[in-house]
Amino acid sequence: MRSTEELFEELERIGKEGRASPEEIDRIVRLLGDPRKAVQRRAAETLRELADRGVEVRPFLESALGNEPQRWAAAYGLALLGDARAVPVLLETLGSSDVDLRWAASALLTELGRNFSFVTEELVKVLDSGSPGARKMALYCLRDLGSSSPEILSRAVAALRDRDENVALAAISSLGRLGRDRPEAVAALLEVVRAGRPRLRRAAASALGRTHALDAETRVALEEAAGAEDPDLRRAAERALRQRGPKGDRV
């Protein structure tokens, strides 16, 4: 096996030259199945550099999608080119046990979702049938896409009751950003602050500090949390109250 340094040198040269023979492209595509993530990533980036210079690389990537060892990196390469054919593999990867792959897939789906509306629809489907890890990442994607339709807010509120705490935490993060002006989101977060599991109470208090709701009920709930025995909850509530200012206004 060639060393990582040798491969990087070759890939950098090809990328800078901006041209490659079909045989060279084929070799780069084969590197998408390399066991080293850094090599996979650099190969995909080199293919993007070639595509930016007008070299036709998509057929090679599309073919690699059907090869299991190359499947993820081929989708990565297509996503870098803004190609929606990467979406199914990226959605599958949201539930991966590999944290690096999960977050990479999340970032790529968010970028593709800005140009392809169907990505949001597919992410909502993940909330219905995905694994806990996939549901968590789907919520973060929807949050970063700014998807705040009534349906998505309703799904995020429902996710607050998920048995998996990490999914519920992702829902809190989503509601804190997407539901800033939405009474239903604030009400759901208030409920968690008052009666949720300890980690969720702290996260919900922090999220309320980012909302724009200025009602007295929210202030009372945060003041009560600021007097709780849990020191982390107290700090989160005190911070949220400071963010809202002396009269509940954000500062």
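Note that the coordinates shown come from a computational prediction; the quantities given were computed from them, not determined experimentally.

(A) Representation of helix α13 (residues 198-208) within the structure. Among the residues making up α13, those that are buried are L200, A204, A205, A207 and L208. On an axial view of α13, the arc spanned by its buried residues comes to 160 degrees, and they lie on one face.

(B) Structural detail: the packing of helix α1 (residues 4-17) against helix α3 (residues 37-52). In contact at an axis separation of 9 Å, α1 and α3 are set at 10 degrees when each is read in the N-to-C sense. In terms of their interaxial angle, α1 and α3 are classed as roughly parallel. Here T4, L7, F8, L11, E12, I14 and G15 of α1 come into contact with α3, specifically with A38, V39, R42, A43, T46, E49 and L50. Per-class residue counts for the contact of α1 with α3 are eight nonpolar, three polar and three charged.

(C) Up close: the nonpolar core. Counting 87 residues, the largest nonpolar core has L32, L47, L50, L90, L94, L109 and L123 as the members making the most contacts within it. Once you skip the residues sitting within four places of it in the chain, L94 turns out to touch R102, A105, S106, L109, L123, G133, A134, M137, A138 and C141.

(D) Seen up close, helix α11 (residues 165-178). Taking 1.5 Å of rise per residue, 14 residues should cover 20 Å, and α11 covers 20 Å from first to last C-alpha, within 8% of that figure. The buried fraction of α11 amounts to eleven of the 14 residues, a majority that puts the element mostly inside the structure. The complete set of buried residues in α11 reads V167, A168, L169, A170, A171, I172, S173, S174, L175, G176 and L178. For α11, the elements touching its buried residues are α9 (132-145), α10 (150-159), α12 (183-195) and α13. Capping of α11 at its N-terminal end is provided by D164; its side-chain oxygen lies 3.0 Å from the backbone amide nitrogen of N166.

(E) Main features of the environment of V39. Tracing the backbone through its elements, the reader meets V39 in helix α3. V39 gets classed as buried once you look at its relative accessible area, which sits at 0%. Along the chain, V39 and L175 lie 136 residues apart, while their C-alpha atoms are 37 Å from each other. Discounting residues that sit within four places of it in the chain, V39 has contacts with T4, L7, F8, L31 and D34.

(F) Geometry of the pattern of salt bridges. This model, assessed by the stated rule, comprises 27 salt bridges. Close ionic contact of K125 with E122 constitutes a salt bridge, the shortest N to O distance being 3.1 Å. A residue pair is termed a helical-turn pair when its members lie 3 or 4 positions apart in one helix, as K125 and E122 do in helix α8 (residues 118-129) at three residues. Its relative accessible area of 22% is what places E122 among the partly exposed residues. Between E184 and R182 there is a salt bridge, and its shortest N-O distance comes to 3.5 Å. A relative accessible area of 37% means that E184 is categorised as partly exposed. Classification of R182 by relative accessible area gives partly exposed; the value is 22%. Each of R58, E62, D83 and R85 takes part in salt bridges that share partners, so that together they form one network.

(G) Representation of the packing of aromatic side chains within the structure. In the structure shown here, the tally under the stated rule is three aromatic pairs. Measuring from centroid to centroid gives 6.3 Å for F116 and F118, while their planes differ by 65 degrees, and the two rings are edge-to-face.

Definitions and limits used
Residues numbered from 1 in each chain as written. Predicted model: local features only at pLDDT ≥ 70, side-chain atom pairs only at ≥ 80, totals over all residues. Heavy atoms only, no water. Buried < 20%, exposed > 50% of the residue type's maximum accessible area, 1.4 Å probe, protein only. Helix = DSSP H or I, 4+ residues; strand = E, 2+ residues; numbered from the N terminus. Arc of directions from axis to C-beta. Axes fitted to C-alpha atoms, helices over the stretch in contact; angles between N-to-C directions. Parallel < 35°, antiparallel > 145°, perpendicular 65-115°, else oblique. Contact = heavy atoms within 4.5 Å. Nonpolar A, V, L, I, M, F, W, Y, C, P; charged D, E, K, R; others polar. Core = buried A, V, L, I, M, F, W, Y, C linked by side-chain atoms within 4.5 Å. Expected span 1.5 Å × (residues − 1). Polar contact = N/O pair within 3.5 Å; in protein donor to acceptor, adjacent residues only side chain to side chain. Salt bridge = Lys/Arg side-chain N within 4 Å of Asp/Glu carboxyl O. Phe/Tyr/Trp six-rings, centres within 6.5 Å; stacked < 30°, edge-to-face > 60°.

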